[in-house]
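Residue-level structure breakdown
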Amino acid sequence: MTRMKPLAALLGASLALMAAAQAAHAASPQETLTVPGLNKRAEILVDRWGVPHIYAASERDAFFMQGFNAARDRLFQIDLWRRRGLGQLSEVFGPAYLAQDRATRLFLYRGDMKREWASYGPGSEDVAQAFVEGINAYIDYVSLHQDKLPYEFRQLGYLPARWQAEDVVRIRSHGLTRNLQSEVARARVACAADLKSDEVRSGLTPPWTAQMPEGLDPCLPKDLLQVFTLATQGVRITRESLSAAATARDSQLVRLEPDPLANPEETMEGSNNWVVAPAKSATGRAIMANDPHRAYSAPSLRYIAHISAPGLDVIGAGEPALPGISIGHNGTIAFGLTIFNIDQEDLYVYQLNPDHPDQYLYQGKWESMRVLHEPVRIKNGAPAVADLMFTRHGPVIYVDRAKHRAYAVRSGWLEPGMSPYFGSIAYMRARDFKHFKASMLNWGAPTENQVYADVKGNIGWVPGGLAPKRPNWDGLMPVPGDGRYEWAGFWRGDQLPSTYNPKKGWFASANQMNLPPDYPYRERKLGFEWTNNSRFTRISEVLASLPKVSLQDSMRLQNDDLAIPARRLAALLKPLSSEDANTRAALAILGHWDYVERADAAQPALYEVWLSRHLGRAFKNAVLSKAAADAMGAPDTAVLLDTLEQPNPAFGADPAQARARRDQVLLESLGEAYAEMVKLQGADASQWQWGKLHHNLMAHPLADVVDEATRKKLNVGPLPKHGGAYSPNQSTYRVNDFRQTNGPSFRVVVDVGRWDNSWAVNSPGQSGDPDSPHYRDLADKWLNGEYFPLLYSRAAIEKVTERRIVLQPAK
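Our subject in this report is the structure included herewith. (Residues numbered from 1 in each chain as written. Predicted model: local features only at pLDDT ≥ 70, side-chain atom pairs only at ≥ 80, totals over all residues. Heavy atoms only, no water.)

Some points on the sheet that holds strand 2 (residues 42-47)
Spatially, 1-31-2-3-6-7-8-9-17-18-22 is the arrangement adopted by the 11 strands of the open sheet, whose pairing is mixed. With partners counted over all chains shown, the strands left at the sheet margins are strand 1 (30-35) and strand 22 (499-500), one partner each. (Pairing = 2+ DSSP bridges. Helix = DSSP H or I, 4+ residues; strand = E, 2+ residues; numbered from the N terminus.)

Quick look at the structure:
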């Protein structure tokens, strides 16, 4: 595990800091603002770690203040989020973004807004309205005080746009996607070889065999997912894209994210959470721990805030462009989330009418697409028109004119109530498990494992997510759009599994397949593609081994860097030997290791280079045809490990020959990895270090368009990084340069009932202002596994208040 300061030391340091802050409290800066739209006086107390504690006289004012504060701290980030989501980038960045604007508009919610608001429960529209009125109030404030306008707007020469309440929920493309990319990747392998081969790319759990849908040609266009990728990726700003001519209509200037079909595990996003009952807890109270894993950026995706008003007192993290708190506690219950892998997407393939290419065959008749022509404003140019086509199933992402085919996506995103995370405004108010579970029955997206703990000592698990009924197929392959493959409604929320006060005294999830053994998965077919279970295996063995689980244990476990796959591979290597000098040296290095991936150690460097650059390739080449191996990227690590441990029959029908071929793959690929490490870090293996390869860089969106000095100010890092993709402290990286792509940026451990004894960290900091001391001040804590106290009581917060903002309503 990662070294951490003892909890007593953390507490002592924090108490000393609080005492010092209390002594200086009288001198803490205070700012008084008059804010139109606010009904009564409100306060924002910004603590030592940049966490805003918002106090308002009513819930309406509280959400107004949450929006105002989000804009105060993250205005450029939330404005960019809105522009990307609504397809309005070209208006401020120029014509290079027209393709991305068009792509994103395809996935906006365009249904009945009354149904949409009703899906989240009473008062949801009022919450969003108050939130955006707060954002707009701050936009009005900076328009009058240009010196407060964030740096990015001045650099790029535009002003932030005002919001409407529906902007919050109509934008869907920021949510985590499910299996569309995997459907296309599976079809790619099936086209080149067969569906059986694809089980090496992605193992299916619970046990399942994918079937080829009748009437499907699996040989799909190579660039089929370009529009979908543009719609769901972040904003890439470069000098070239900003300087494109006003007549340009070329999306190539906006870089696409790496091909998700090539190495899906590079983009793997996950999370950990667990709850511990009082009988298992060292505190005698329940514990809730959560560390959601997402892509890294500066500023951070997550934002910690505290919202307090009569009837509502909730603290934790959410996304800054959304109202409410999705991870945290409300003084009675604590809650945290990870992804629960329900398949919410399907790719439909249509036969087009050669005489009328905007018509597709459905149930034996030609049906016309719905076509929208939306104007798109272009910076320094004439407006363009985005032609958006939709079938009855969803937006068209590709048209193959030569073959008279079209491809459209049906996604749960486009159903009412599917705005990612917005549903948290319901469950964050719950006071007991009954109401918490009820608030999750209509949860739409992302599909989640929600864990629960309360002041009475109860713990539980409630997954949620819109789950399509597929009566005659499994969702693993694209399907013809001719009417034979239709969703038959959705499974009810109470038809998902759940648990309450489990006998073992704890519950954990880490995106692993966690359907109970008796769950009717063959009928309901929620999903068959789950994340590698190594993180859950490690979390489980640690929690089960502890007689009592402390807060310190939970923080240590969130930062645990032990790699279960390394332990399993080392067991296979132990009896082996080699005449090759490189292989023999590699065996010696890995033979003396505790499987913890430390940044300053040689073993994880060799192991990761072996696993990601050599072993996977050698394995798939050994067990697949060349055509199948060439059609996929890295193999599924879980499948690789299981097959290496049980090599017959994948490596051959004869058990002895299968083991010999397996051992040959292990040894030859390990020798190659050693030789590569010599090239990367020299012949002296004692000087090898994982952190010299593996690094984290939290990049600002403008990093590529500024000078070097400014870039260093905007970016955080590069930082030498410990860990790997399969430990609890997930550190997934790009294979080409070992840059960490995602992992835990926000961590929280809640002492349920003794709320001021809860701990958290965000990274790189709370603020979106590069000039703020809170822009990067938490990066070292995050890297070193350290936390700060997540204070909840007004008395404790007052002692560490760094800045006080008083807001008065306009008369």
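Having seen it, we continue.
Quick look at the pattern of salt bridges
Scanning the entire structure with this criterion turns up 45 salt bridges. A salt bridge links Arg405 to Asp217, with the nearest nitrogen and oxygen atoms 3.1 Å apart. Taken together, the positions of Arg405 in strand 16 (residues 405-411) and Asp217 in the loop between helix 10 (198-201) and helix 11 (226-232) put the pair 188 residues apart, joining distant regions of the chain. We classify Arg405 as partly exposed; its relative accessible area is 21%. Between Arg538 and Glu541 there is a salt bridge, with its nearest N and O atoms 2.7 Å apart. You can see Arg538 and its partner Glu541 sitting in helix 16 (residues 534-545), three residues apart, about one turn around the helix. Taking relative accessible area as the criterion, Arg538 reaches 11% and is therefore assigned buried. (Salt bridge = Lys/Arg side-chain N within 4 Å of Asp/Glu carboxyl O. Buried < 20%, exposed > 50% of the residue type's maximum accessible area, 1.4 Å probe, protein only.)

A closer look at helix 2 (residues 59-86)
With 28 residues, helix 2 should reach 40 Å at 1.5 Å per residue; the first-to-last C-alpha distance of 28 Å falls well below that figure. Within helix 2, the axis deviates most sharply at Arg74, by approximately 105°. Of all 28 residues that make up helix 2, 26 are buried, and the element is covered over most of its length. Phi turns positive one or two residues past the end of helix 2, at Gly87, with a value near 75°. (Expected span 1.5 Å × (residues − 1). Bend = angle between axes of the 7 residues up to and from the residue.)

Some thoughts on the nonpolar core
Looking at soluble globular proteins, one finds that nonpolar side chains tend to be buried together. Ranked by internal contacts, the top residues of the largest apolar core, which has 187 residues, are Phe93 and Ile397. In terms of residue count, the dominant contributor to this core is helix 2 (12 residues). Here Ile397 is in contact with Phe107, Leu224, Leu225, Val227, Phe228, Leu347, Tyr407, Ala408 and Val409, once residues within four sequence places are set aside. Counting 49 residues, the second-largest nonpolar core is a separate cluster that includes Leu606, Ala622, Leu641 and Val665. (Core = buried A, V, L, I, M, F, W, Y, C linked by side-chain atoms within 4.5 Å. Contact = heavy atoms within 4.5 Å.)

Re the packing of aromatic side chains
The full count for this structure, using the stated rule, is 37 aromatic pairs. A ring pair is formed by Trp487 and Phe490, whose centres lie 5.9 Å apart and whose planes are at 75°; its orientation type is edge-to-face. Residue Phe490 is classed as partly exposed on the basis of its relative accessible area of 27%. Taken together, a centroid distance of 5.6 Å and an interplanar angle of 65° make the contact between Trp593 and Tyr595 edge-to-face. Counting every residue linked through ring pairs, the aromatic cluster contains Phe335, Tyr427, Phe433, Phe436, Trp443, Tyr452 and Tyr500. A cation sits over an aromatic face here: Lys504 above Trp506, 3.9 Å from the ring centre. (Phe/Tyr/Trp six-rings, centres within 6.5 Å; stacked < 30°, edge-to-face > 60°. Lys NZ or Arg CZ within 6 Å of the ring centre and 35° of its normal.)

Examining the packing of helix 2 against helix 4 (residues 98-106)
With their axes 6 Å apart at the nearest point, helix 2 and helix 4 run at an angle of 75° to one another. Classified by the angle their axes make, helix 2 and helix 4 are roughly perpendicular. Contacts between helix 2 and helix 4 pair Arg84, Gly85 and Leu86 from the former with Gln100, Thr104 and Arg105 from the latter. Split into classes, the residues belonging to the contact of helix 2 with helix 4 amount to one nonpolar, three polar and two charged. (Axes fitted to C-alpha atoms, helices over the stretch in contact; angles between N-to-C directions. Parallel < 35°, antiparallel > 145°, perpendicular 65-115°, else oblique. Nonpolar A, V, L, I, M, F, W, Y, C, P; charged D, E, K, R; others polar.)

Section: the side chain of Gln359
Within the secondary structure, Gln359 is located in strand 11 (residues 356-362). Classification of Gln359 as buried rests on a relative accessible area of 17%. Among the polar contacts made by the side chain of Gln359, one reaches the side chain of Asn353 at a distance of 2.9 Å. (Polar contact = N/O pair within 3.5 Å; in protein donor to acceptor, adjacent residues only side chain to side chain.)

A short note on the environment of Arg83
Assignment of secondary structure puts Arg83 in helix 2. On the basis of relative accessible area, Arg83 is assigned to the buried category, the value being 3%. Between the C-alpha atom of Arg83 and that of Asp167, which follows or precedes it by 84 residues, the distance is 9.8 Å. With residues near it in sequence (within four places) discarded, Arg83 still touches Gln88, Leu89, Glu91, Val92, Tyr158, Leu159 and Ala161.

Quick word on helix 20 (residues 602-623)
Look at helix 20: 30 Å from first C-alpha to last across 22 residues, which is about the 32 Å you get at 1.5 Å a residue. Where helix 20 bends most, the angle comes to about 45°, and this point is Leu611. When you tally the buried positions in helix 20, you get 17 out of 22 residues, the bulk of the element.

Function cannot be inferred from these measures alone, as they are strictly geometric.
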